[in-house]
Amino acid sequence: MIWDQSVVRVRAGTTTDRGGNTVPDWAPGAVSRTTIEQLSVQPVYQSESTTAERTSVLTGWRVLSAPGTDPDVRSGDRIEHDGLLCEVQGEVGRWPDPLTGAVHHVEWQMRRSTG
């Protein structure tokens, strides 16, 4: 079955900075965590660069939800997948069903950078 994977969506809470602006709060007690199921998580790219000071690895995945699902994921969220913490990259695509206009499925890209 292609839709047999799940991830945990991590969404920042909010706090007010010194200037009175509302900003994301990634403190452990401020974030919300939601398990999202019925997904297909597919590797897209991996690159590695090495310098004398460090080695960095960039890895990306494409995530598709099962037809008929509309998971609550948006740009700015973080995703836990396979023990790794990733960032949602770009905007989340909600594809309409051509017959009903409702959401048919959702797609997004996520990446992890180390180094």
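This text goes with the structure placed above it.
Model, not experiment: these values are computed from the prediction.

### Here's the deal with the pattern of salt bridges
A complete count under the given rule lists 6 salt bridges for this structure. With its nearest N and O atoms 2.9 Å apart, the salt bridge here joins Asp-77 to Arg-11. Separated by 66 residues along the polypeptide, Asp-77 in the loop between strand 5 (55-65) and strand 6 (78-81) and Arg-11 in strand 1 (residues 5-11) bring together distant segments of the chain. Assessed through its relative accessible area of 10%, Arg-11 is described here as buried. Taken together, the shared-partner salt bridges connect Arg-9, Arg-11, Asp-72 and Asp-77 into one network.

### Here we look at the packing of aromatic side chains
Each aromatic ring pair is summarised here by two numbers: the centre-to-centre distance and the angle between the ring planes. Enumeration over the complete set of coordinates arrives at 0 aromatic pairs. When the ring centre of Trp-26 is taken as reference, the NZ or CZ atom of Arg-78 above it lies at 3.7 Å.

Quick notes on the rules
- Residues numbered from 1 in each chain as written.
- Predicted model: local features only at pLDDT ≥ 70, side-chain atom pairs only at ≥ 80, totals over all residues.
- Heavy atoms only, no water.
- Salt bridge = Lys/Arg side-chain N within 4 Å of Asp/Glu carboxyl O.
- Helix = DSSP H or I, 4+ residues; strand = E, 2+ residues; numbered from the N terminus.
- Buried < 20%, exposed > 50% of the residue type's maximum accessible area, 1.4 Å probe, protein only.
- Phe/Tyr/Trp six-rings, centres within 6.5 Å; stacked < 30°, edge-to-face > 60°.
- Lys NZ or Arg CZ within 6 Å of the ring centre and 35° of its normal.

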